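Chains, contacts and geometry: an overview
The residues making up each chain are set out below.
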Amino acid sequence: MKRILVTGGCGFIGSNFVRMALNKIKGIHITNLDALTYAGNLKNLIDFKDSANYAFVKGDIRDGKLVSTLIKDGRFDLVVNFAAESHVDRSILDPSDFISTNIAGTQTILNAAMTFQVPLFMQVSTDEVYGSLGPDGYFTEITPLAPNSPYSASKASADMLVRAYFHTYNYPTIITRCSNNYGPYQFPEKFIPLFVTNALENKPVPLYGDGKNVRDWIHVEDHCEALWTVAEKGKPGEVYNIGGNCERANVDIAREILRLVGKPDSMIQFVKDRPGHDRRYAIDNAKIIKELGCKPKWNFTDGLKSTIEWYKKNTAWWQEIKSGEYKNYYAKQYGK
Ligand code: NAD
Ligand code: DAU
């Protein structure tokens, strides 16, 4: 695996993956195709700007001509498709970019990868395609898909296309479905970085509904390690769930963040719930552990502490984001 095309590498998980792969594996070359939407930031990979092992291409996965030329000339061994609209709340406000990027964009890049015979296409998907759990049970790879938001519906649609390319054309594809990530470079509209940065700014932290929704948290480095293992050892045609074995209610995380930042619980502001808010996600990751020997390494308390330290050290990174376009989105979302 020498030449890799990553899409969406200027976002949160993509940039962590590129950094990990370039630091860990000698002699690889990564091309990063990213449209630089509001969520893409060149600063996330500024340290590799002049590296001979890294190339950035500004472009859109929906642009068939650009994608075909890039893949035709690229001699890639692998495509890892991170590029997506990723925020559930934005998909509720306006699903259109979610449909075009997450579905049509995925098909465009998938088709080009098949046409120019890239040996493997990996689709970075999400546990949200499985819908919502009650108090018991876990998502396995054979749990029926039941997406509840425009975001998860668009990701489920993309998964179906990736699956269909394997079955119809015999093109080697793998789908990974991961739970909620946290860690450095996460855009501060998402729960953990929003709450950390608001707490650091002495602003209230907006908790949806009763705060008892549960997510299964995984440190982004553990997700990226798992993706690399899947790229090396995964079997085409398969789905692999990636989870953190770390279920937490939102209200407990909110309190933990405030405690670690040294702020009072009274900063929690209960706000109107997200429409269609999934109650609980929890991944059964037995398959990836058993078949590929891959387990998360971070424990949540240490991971959260080190994430908070990162946001404390990198205030310029998130303050620039929070004072830009994001501010308008936040105003629309909360009426402030
Ligand atoms: P992100 O929003 O931080 O980054 C998305 C990146 O994709 C950005 O750099 C953006 O510029 C780029 N992009 C968007 N539309 C594009 C287009 N049309 N063409 C090219 N580039 C485009 O997202 P993230 O949290 O890093 O998520 C990455 C992937 O992982 C997504 O596919 C998401 O569905 C999936 N995922 C995320 C999580 C999570 O907890 N964040 C969990 C499981 C799976
Ligand atoms: O499960 C994987 C998914 O995790 C990924 O596929 C998505 O790309 C990613 O955005 C994430 O989706 P969630 O909707 O679970 O993440 P979010 O950070 O938006 O919210 C996490 C929980 O916190 C959820 O129950 C809603 C709640 N929340 C979120 C925000 C932004 C709040 O209570 N207040 C908030 O302001």
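Overview of the structure.

What counts, and where the lines are drawn
Sequence order as written defines residue numbering, which begins from 1 separately in each chain. Whichever chain is written first becomes A and whichever ligand is written first becomes 1, with later ones labelled in order. Reporting in this predicted model follows two pLDDT cut-offs: at least 70 for local features of residues, and 80 or more for side-chain atom pairs to be given and counted; totals over whole chains, interfaces and linings ignore these cut-offs and use all residues. No hydrogens and no water enter the side-chain calculation; it runs on all heavy atoms of the structure. A helix here means a DSSP run of H or I that spans at least four residues, while a strand means a run of E at least two residues long, and both kinds are numbered starting from the N terminus. Only C-alpha atoms enter the radius of gyration, while the globule expectation follows 2.2 Å times N to the 0.38, with N the number of residues. To sort residues, take the accessible area from a 1.4 Å probe on protein chains only and compare it with the maximum for the residue type: under 20% means buried, over 50% means exposed, and anything in between is partly exposed. Should any heavy atoms of two residues lie within 4.5 Å, those residues are considered in contact. Note on areas: these come from Shrake-Rupley sampling with a 1.4 Å probe, and a residue is covered only by the protein chains present in the view. The charge count includes Lys and Arg as positive and Asp and Glu as negative, but it does not include His or the ends of the chains. Working definition for charges: the position is that of NZ of Lys, CZ of Arg, CG of Asp or CD of Glu. What makes a residue near a molecule or strand is one non-hydrogen atom of that residue sitting within 4 Å of it. Contacts described as polar in this section are N or O atom pairs within 3.5 Å, which, within protein, must combine one atom able to donate a hydrogen with one able to accept it, while residues neighboring in sequence count only if both atoms come from side chains. Basically, the charged four are Asp, Glu, Lys and Arg, the nonpolar ten are Ala, Val, Leu, Ile, Met, Phe, Trp, Tyr, Cys and Pro, and anything else, Gly included, counts as polar. Between any two strands, pairing holds if DSSP finds at least two bridges. Structural elements are reduced to axes, namely lines fitted to C-alpha atoms, with helices fitted over the stretch in contact, and the angle between N-to-C directions of any two is expressed from 0 to 180 degrees. One speaks of a salt bridge when a side-chain nitrogen belonging to Lys or Arg is within 4 Å of a carboxyl oxygen belonging to Asp or Glu.

1. Details of the overall build of the protein chain
Regarding its fold elements, the protein chain presents twelve helices and twelve strands. For 336 residues, the compact-globule estimate of 2.2 N^0.38 gives 20 Å, and the protein chain sits close to it at 19 Å. In the protein chain, buried positions account for 55% of the 336 residues. Within the protein chain, contacts between residues separated by at least 24 positions form 83% of all contacts whose residues are at least 6 apart in sequence. Element-wise, carbon and sulfur atoms account for 52% of the exposed surface of the protein chain, whose accessible area totals about 14300 Å². Computed over 41 positive and 37 negative side-chain charges, the separation of the two mean positions in the protein chain equals 2 Å.

2. Regarding the site of ligand 1
Lining the immediate surroundings of ligand 1 are 29 residues, of which Ile13, Asp34, Ser86, Tyr151 and Lys155 lie closest. Between a nitrogen atom of ligand 1 and a side-chain N or O atom of threonine 101, the distance comes to 3.0 Å. With the chains in place, 97% of the 840 Å² that ligand 1 exposes on its own is no longer accessible. Elements with a contribution of two residues or more to the shell around ligand 1: α1 (12-24), β5 (121-126), α5 (150-169) and β7 (180-182). If one sorts the elements of the shell around ligand 1 by residue count, β5 sits on top with three residues. Split by residue class, the shell around ligand 1 holds 13 nonpolar, twelve polar and four charged.

3. A closer look at the site of ligand 2
Near ligand 2, the surroundings consist of 26 residues, among which Thr126, Asp127, Glu128, Tyr151 and Arg274 are the closest. Residue arginine 215 places a side-chain N or O atom 2.9 Å away from an oxygen atom belonging to ligand 2. Compared with its free state, where it exposes 690 Å², ligand 2 has 94% of that area covered by protein. Sorting the residues of the shell around ligand 2 by element identifies α3 (88-93), α6 (191-200) and β8 (205-208) as the ones contributing at least two each. By residue class, the composition of the shell around ligand 2 is eleven nonpolar, eight polar and seven charged.

4. What about the sheet that holds strand β11 (residues 247-249)?
Overall, mixed pairing links the three strands, which are arranged β7-β9-β11 in an open sheet. For this open sheet the edge positions go to β7 and β11, each flanked by a neighbour on one side alone. Ignoring which end each strand starts from, the neighbouring axes of this sheet average 50° apart. One ladder, built from three bridges, connects β7 with strand β9 (residues 214-219); its direction is parallel. Within β9, the residue paired with tyrosine 182 across the bridge is histidine 219. Lying on the sheet, helix α7 (residues 220-233) is in contact with β7 and β9; it crosses β9 at an angle near 70°.

5. Overview of the pairing of β5
In terms of burial, β5 is a largely internal element, six of the six residues being buried. The side-chain alternation of β5 yields two buried faces, one formed by Phe121, Gln123 and Ser125 and the other by Met122, Val124 and Thr126. The pairing of β5 with strand β6 (residues 173-178) spans six bridges and is parallel. What sits directly across from serine 125, in β6, is arginine 177.

6. What about the pattern of salt bridges?
All chains considered together, the criterion is met by 20 salt bridges. Among the ionic pairs, lysine 312 bridges to glutamate 309, the shortest N-O distance being 3.7 Å. Taken together, the residues lysine 312 and glutamate 309, both in helix α10 (residues 300-313) and three residues apart, mark about one turn of the helix. Here lysine 312 falls in the partly exposed class, since its relative accessible area comes to 38%. Residue classification places glutamate 309 among the partly exposed positions, given a relative accessible area of 38%. What you see here is one network of salt bridges that share partners, running through Asp60, Arg62 and Asp97.

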